[in-house]
Amino acid sequence: MATAAAGKKKALFTGGCLCGAIRFEARAAAGKPHTCSCKMCQRHSGALTVAWVEFPRDVVAWTGPGGAPAVYRSSDYSSRAFCSACGSSIGAIDDAPVVALLLGIFDKTNAAELIPTSHSFRSTRPNWWHVEAVKP
């Protein structure tokens, strides 16, 4: 007799960089969807605000011909990930078993669980820049 949990499929998220060398699949619920305007995120992405979502490292598979993204050690606890071929920002690979991916690299960005629920570092965004997530 099959249980309800056994029949339930895990969420599948896919995406990749601009040139397609770095591709990923994440088979799990998205965690901590949020936006951030800290200076490190701004410099990493070139944007005033980035949108992130986190996954446990063991559910993220790098499936593109480029394998795993290149990394730059950006702090005592994390490395910023990017494509060494096209330069696309991918996200952050933390020392904790977490991979944080930028929402802009996802193939489909309309999933309700990707909608940011909080915003970090409002004080470092320009006063004229307003960020608001509105659930449909």
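Scroll up for the structure.
Position labels on residues start from 1 in each chain and follow its written sequence. Predicted model: local features are reported for residues with pLDDT of at least 70 only, side-chain atom pairs are reported and counted for 80 or more only, and whole-chain, interface and lining totals are derived from all residues. Think of the side-chain values as coming from all heavy atoms in the structure, minus any hydrogens and water.

K.L.:
Would you mind showing me how to read the overall build of the protein here?
P.N.:
Here a strand is any run of E in DSSP of at least two residues, a helix any run of H or I of at least four, and the numbering for each starts at the N terminus. Across its full length, the protein holds two helices and ten strands. Written out in order from the N terminus, the α and β elements of the protein read α-β-β-β-α-β-β-β-β-β-β-β. Buried positions account for 42% of the 136 residues belonging to the protein. In what follows, residue pairs with any heavy atoms lying within 4.5 Å of each other are defined as contacts. Long-range contacts, defined here as pairs at least 24 residues apart, represent 57% of the contacts in the protein between residues at least 6 apart. Method for areas: the Shrake-Rupley scheme with a 1.4 Å probe, in which residue coverage is limited to the protein chains shown. Of the roughly 8,100 Å² that the protein leaves accessible, carbon and sulfur atoms contribute 56%. The rule is simple: take the accessible area with a 1.4 Å probe, protein chains only, and divide by the maximum for that residue type; under 20% is buried, over 50% is exposed, in between is partly exposed.

K.L.:
I keep staring at unusual backbone geometry and nothing clicks. Help me out?
P.N.:
Excluding glycine, a negative phi dihedral is what most residues carry, and trans is how most peptide bonds are arranged. The backbone of K32 shows a phi angle near 50°, a positive value even though the residue is not glycine. Looking at the element boundaries, K32 is found in strand β3 (residues 31-36). For K32, a relative accessible area of 59% corresponds to the exposed category. Even without glycine at this site, F121 takes up a positive phi of about 60°. You can see F121 is positioned in the segment after β10 (118-120). Note on F121: relative accessible area 49%, which makes it partly exposed.

K.L.:
What is the right way to read the sheet that holds strand β9 (residues 98-102) from this model?
P.N.:
Hydrogen bonds between backbone groups are what pair the strands of a sheet, and the pairing can be parallel or antiparallel. Here we have seven strands laid out as an open sheet, ordered β6-β7-β8-β9-β4-β3-β10, and mixed in their pairing. Each of the sheet's edge strands pairs with one partner strand only, and the pair in question is β6 (70-73) and β10. Along the sheet, successive strands turn relative to each other by an average axial angle of 30°, direction set aside. By the bridge criterion, five bridges tie strand β4 (residues 50-56) to β9 in an arrangement that is antiparallel. Counted as the bridge partner of F55 is V99 from β9. Two strands qualify as a pair provided that DSSP identifies no fewer than 2 bridges between them. Fitting a line to C-alpha atoms yields each axis, with helices limited to the stretch in contact; the angle taken between N-to-C directions then spans 0 to 180 degrees.

K.L.:
Explain the nonpolar core to me, please; I cannot follow it from the model alone.
P.N.:
When a protein is soluble and globular, its nonpolar side chains tend to lie buried together. F13, F24, F55, L101 and F106 are the most contacted members of the largest nonpolar core, which has 22 residues in total. Residue assignment for this core shows that the elements contributing at least two residues are β2 (23-27), β4, β8 (89-94) and β9. Not counting the four nearest positions on each side in its chain, F106 is found in contact with F13, T14, G15, F24, V53, F55, L101 and L114. Among buried residues, those of type Ala, Val, Leu, Ile, Met, Phe, Trp, Tyr and Cys that are joined through side-chain atoms within 4.5 Å constitute a nonpolar core. Counting residues in each nonpolar core, the second largest holds eight residues, with C36, C41, A92 and L102 among its members.

K.L.:
Mind showing me how you'd approach the packing of aromatic side chains here?
P.N.:
For any two aromatic rings, the description comes down to two numbers: the centre-to-centre distance and the angle of the planes. The aromatic pairing rule takes the rings of Phe, Tyr and Trp, using the six-membered ring of Trp, and pairs them if the centres are within 6.5 Å, calling planes under 30 degrees apart stacked, those over 60 edge-to-face and the rest tilted. Under the counting rule described, the total for this entry stands at four aromatic pairs. Centroid distance F24 to F106: 5.1 Å. Interplanar angle 70°. Geometry classified as edge-to-face. Of the two residues, F24 is situated in strand β2 and F106 in the loop between β9 and β10; the sequence distance between them amounts to 82 residues. For F106, a relative accessible area of 5% puts it in the buried group. Taken together, F13, F24, F55 and F106 form an aromatic cluster joined through their ring pairs.

Coordinates in, geometry out; function isn't part of it.
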